[in-house]
Amino acid sequence: MTPDSLPRALADVAERHPGRHLLSFEGSAFTYASFAARVGAAAAALHGWGLRPGDRVALYLGNTPSYLVAYLAALWCGAVVVPANTRYRESELGHMLRDAGVRLVVTDPDGGAVVAAATTPTVGAVVTLTGSLDEDRHAWAELSPNGGATRPPAIAARHDALALIAYTSGTTGRSKGAMLTHGNLLASARAVGRAWRWAADDHLLLTLPLFHIHGLGVGFHGALVHGAALTLHRRFEAAAVLAALADGPATLFFGVPTMYGRLLREADDRPREFRRLRLLVSGSAPLAVDTLERVERLFGQRILERYGMTETVMLTGNPYAGRRKAGTVGVPFEGVELRLAGAATGAGSSGGAGEVQVRGPSVTSGYWNDPDATAAAFTSDGWFRTGDLGVLDADGYLTLSGRARELIISGGFNVYPREVEEAIAALPGVREVAVVGLPDPDLGERVAAAIVVAPEGPEVDEAGVTAHCQRRLAGFKAPRTIAFVDELPRNAMGKVLRHDLRDHLLAAT
Ligand code: MLC
Ligand code: AMP
């Protein structure tokens, strides 16, 4: 029978092919069986902490095997995982813990201080994972409050039960938790796998963060449901990736456009040969045609660009065997229905484009604890509104042409201007502020702020604004361009003219 949950997928391969390789990390290797034994021990420990089906567990820790063990162990117990970006600061993490009613936080020594500051009354325990867990499987059992030696509970995960509440920046300045079931996640991983011919002998090089749907839902779930292998890196580092692709076992590599730009810079116009690689994939932000062409020239691989979203998992992709059209995000994955609705207006809209609306087995049922946001996200006939604008060509390929919402995508991380504006507006001496995205050769877009100071207030300078933002927000949300202006451009209704502001900031910097 096909596994109906993520831990079941692990247990199945571990039973049928115990010695098969699953994971490599900094010199350690894990077979499916040795990894499953760790997950079982970790599930027993989490059960010992009182974790029960439906409870929410937040993960705030870096990319290590322990992340993946804790993730599957929580799911094994039937719990719902809330992955947290490790760049988030106290208020961003605190909001997620509060909103999701998180009961248990799993972190590592680097995360301890932020977790301690962010903790909320529902959090009953904080479990801190140390590096030794990656080496010693018995250490997992000792994490249990009752000293270990408990047997793993039965797998409590179910197809229709929630697996993830994935927080994604909201237009109101606070992030919203997209609810995804095991069924949603498995449907996407399988559809993507069929499209990309993912097989058990494939090996993924994964350097994306595990807290976002790209690294977790496309990368890790894909490897797991296909009984395949992966090498995990703590972080993306261009030289290490070029070396690993040249000499290592990887057949697959997935990245955001910023990563491909950095690989090209690192390669410095010298062609490279990658030993076993068969597929490079880009997503999460628009890939420049020039980047695609240079990668093809130097690395001999035409990147397959695909499009997805936290709320929907993967939506469209260029074909594996057919024509990969530069500048497009391809055609819907199996099971995904897509339509373009009306001629949209708003920021970034372009003539003839409509809002991309989707339906399918991987699409969220809505936002946790937020019926208003859920109602607003769906049309009356049940289609999910992505907020992206697109056009379809005669062959059915989608090109994204803008966004109906004010969103900045910087290096693959999403930043909502409103959240940054609210943070800066709280700084004494700031009268008004507007935040926009400017084109950036490395990040795709960078965050820029225009500030009007209050003449009577305390002095405000660039360093002060940056320090203030970095204290309150994840570092990638802090503006990299700050301009002090006499007034913000507004229309007759008083609304900030973001296009004009963007042009002004571009001319001034
Ligand atoms: C890091 N910094 C960024 C940044 N990443 N600034 C703006 N935008 C970013 N994306 C800043 C840090 O705050 C720090 O600033 C400085 O850069 C160096 O930090 P670093 O940790 O050394 O950065 P680096 O490792 O180089 O990170 C770059 C990166 C990373 C591209 C590897 O941004 C990244 O992993 N991006 C991938 C995000 C992702 O997975 N998105 C998928 C979302 S899911 P300072 O000032 O503090 O020194 C999704 C759906 C879909 O979108 O379709 O996939
Ligand atoms: P997130 O909310 O982090 O899941 O980001 C989802 C958003 O990323 C989508 O709504 C798109 O705006 C954007 N996105 C994802 N893939 C692509 C792509 N290939 N090209 C352009 N934008 C993309």
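So, here's what we can say about the structure.

**Points about the site of ligand 2**
Okay, step 1: Lining the immediate surroundings of ligand 2 are 17 residues, of which Arg306, Thr310, Asp388, Arg405 and Asn414 lie closest.
Okay, step 2: The backbone of Arg306 places a nitrogen or oxygen atom 2.7 Å from a nitrogen atom of ligand 2.
Okay, step 3: The contact in question runs from an oxygen atom of ligand 2 to an N or O atom on the side chain of Arg405, over 2.6 Å.
Okay, step 4: Burial of ligand 2 by the protein amounts to 93% of the accessible area it has alone, namely 500 Å².
Okay, step 5: Secondary structure elements with two or more residues in the shell around ligand 2: strand E13 (304-309) and strand E19 (398-403).
Okay, step 6: At five residues, E13 tops the list of elements feeding residues into the shell around ligand 2.
Okay, step 7: Here the shell around ligand 2 is composed, by residue class, of seven nonpolar, five polar and five charged.

**A few points about the pattern of salt bridges**
Okay, step 1: For the coordinates displayed, the defined rule picks out 22 salt bridges.
Okay, step 2: For Asp388, the salt bridge is made with Arg405, and the minimal N-O distance between the two is 3.1 Å. In this pair, Asp388 is assigned in strand E18 (residues 384-392) and Arg405 in the loop between E19 and strand E20 (408-410), connecting sequence segments 17 residues apart. Here Asp388 and Arg405 have matching classes, each one buried.
Okay, step 3: Arg403 is the partner of Glu445 in a salt bridge, and the nearest nitrogen-oxygen pair spans 3.4 Å. Taken as a pair, Glu445 in strand E23 (residues 444-453) and Arg403 in strand E19 lie far apart in primary sequence, 42 residues in all.
Okay, step 4: Several salt bridges share partner residues, and in doing so they unite Glu92, Glu419 and Lys477 into one network.

**Examining the site of ligand 1**
Okay, step 1: By nearness alone, 26 residues border ligand 1, and Arg235, Arg262, Ser284, Arg306 and Ser410 come closest of all.
Okay, step 2: In the environment of ligand 1, an oxygen atom lies 3.2 Å from a nitrogen or oxygen atom belonging to the side chain of Arg87.
Okay, step 3: Gly411 places a polar main-chain atom, nitrogen or oxygen, 3.0 Å from a nitrogen atom of ligand 1.
Okay, step 4: Among the elements of the structure, helix H9 (213-225), helix H11 (257-267) and E13 are those that each provide at least two residues to the shell around ligand 1.
Okay, step 5: Partitioned by chemical class, the residues of the shell around ligand 1 number 11 nonpolar, 10 polar and five charged.

Each value, and the rule that gives it
- Residues numbered from 1 in each chain as written.
- Chains lettered and ligands numbered in written order.
- Predicted model: local features only at pLDDT ≥ 70, side-chain atom pairs only at ≥ 80, totals over all residues.
- Heavy atoms only, no water.
- Near = heavy atom within 4 Å.
- Polar contact = N/O pair within 3.5 Å; in protein donor to acceptor, adjacent residues only side chain to side chain.
- Areas by Shrake-Rupley, 256 points an atom, 1.4 Å probe, with all protein chains shown as cover.
- Helix = DSSP H or I, 4+ residues; strand = E, 2+ residues; numbered from the N terminus.
- Nonpolar A, V, L, I, M, F, W, Y, C, P; charged D, E, K, R; others polar.
- Salt bridge = Lys/Arg side-chain N within 4 Å of Asp/Glu carboxyl O.
- Buried < 20%, exposed > 50% of the residue type's maximum accessible area, 1.4 Å probe, protein only.

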